[in-house]
Amino acid sequence: MRKFGVNCPIRKPNPYKRMLKSIATNNYAKNVLNREFTLHGPRYVLLTDITYFFYGPLRFKAYLSVIKDAYTKEILSYVLSNNLQIDFVIETVKKLMKKYKNELNTDCLIHSDQGCHYTSYKFIEILKKSKIRQSMSRRGNCWDNAPQESFFGHMKDEIESKVKVCKDFTSLKKLIDDYMDYYNNDRYQWNLAKLSPSEYYKYCMTGEYPDNYK
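Residues numbered from 1 in each chain as written. Predicted model: local features only at pLDDT ≥ 70, side-chain atom pairs only at ≥ 80, totals over all residues. Heavy atoms only, no water.

Engineer: Let's hear about the packing of aromatic side chains: which residues, and what values?
Structural biologist: Under the counting rule described, the total for this entry stands at 11 aromatic pairs. Aromatic pair Tyr 55 and Phe 60: ring centres 5.9 Å apart, planes at 45 degrees, arrangement tilted. Judged by centre distance (6.3 Å) and plane angle (50 degrees), the ring pair of Tyr 200 and Tyr 203 falls under tilted. One end of the pair is Tyr 200 and the other is Tyr 203, both in helix H7 (residues 197-206) and three residues apart, which spans about a single turn. Take Tyr 200: its relative accessible area is 12%, and that puts it in the buried class. The exposure class assigned to Tyr 203 is partly exposed, which follows from its relative accessible area of 29%. One aromatic cluster in this structure is built from Phe 151, Phe 152, Tyr 179, Tyr 182 and Tyr 183. The ring of Tyr 78 is capped by Lys 95, whose NZ or CZ atom sits 5.1 Å from the centre of that ring. (Phe/Tyr/Trp six-rings, centres within 6.5 Å; stacked < 30°, edge-to-face > 60°. Helix = DSSP H or I, 4+ residues; strand = E, 2+ residues; numbered from the N terminus. Buried < 20%, exposed > 50% of the residue type's maximum accessible area, 1.4 Å probe, protein only. Lys NZ or Arg CZ within 6 Å of the ring centre and 35° of its normal.)

Engineer: Break down the pattern of salt bridges for me, citing the residues and quoting the values.
Structural biologist: Counted under the stated rule, the structure contains nine salt bridges. Salt-bridge contacts for Arg 35 lead to Asp 144; the nearest nitrogen and oxygen are separated by 2.8 Å. With a gap of 109 residues between them, Arg 35 in the loop between helix H1 (15-23) and strand E1 (45-55) and Asp 144 in the loop between strand E5 (133-136) and helix H5 (146-164) connect regions that are remote in the sequence. Asp 144 gets classed as buried once you look at its relative accessible area, which sits at 0%. Through salt bridges with shared partners, one network takes in Arg 43, Asp 69, Glu 74 and Glu 103. (Salt bridge = Lys/Arg side-chain N within 4 Å of Asp/Glu carboxyl O.)

Now the structure itself:
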């Protein structure tokens, strides 16, 4: 090979694959939710998942962890990360509890897929400490978490062109922050009595429709 100038590229092992394998367990929860997304009212069913974005001229990859109220459609907590380590998923739960602990139903459950982040000991432990029950989709069945998948789909449709021009992680984070604020407070939805998710939650809790819309 040296004589004829032949090179043999060696592909380095993916560190994230090793990391994901190291935290994977067989702690799969039952599908307690059973697609009853809106049966029990606000702050009862929480949906969570991870999606990713490519940004910058070098096509860097960022990961977004989200927790959503299935009834009001509100995004209660989210964390953007430049890696797939489990810490950003744990931080999503911590942010949820810090802001919404007193609003959550005593029988609250969080529903996810069977990804290794959600079967990890750290994730299961923080749910136990937070007194939140765990539910998981059946393997390979995206319909068991359809509202969360739908949110990611709409979000990417609406900001995809802006994500492409983000030059760094900071600008991408600002874009995500702005979208979450818009989605929760200004993106009105027909199925939410023509209100935004945040307004709909207040309407559910007080029974008072906003004066601006009467």
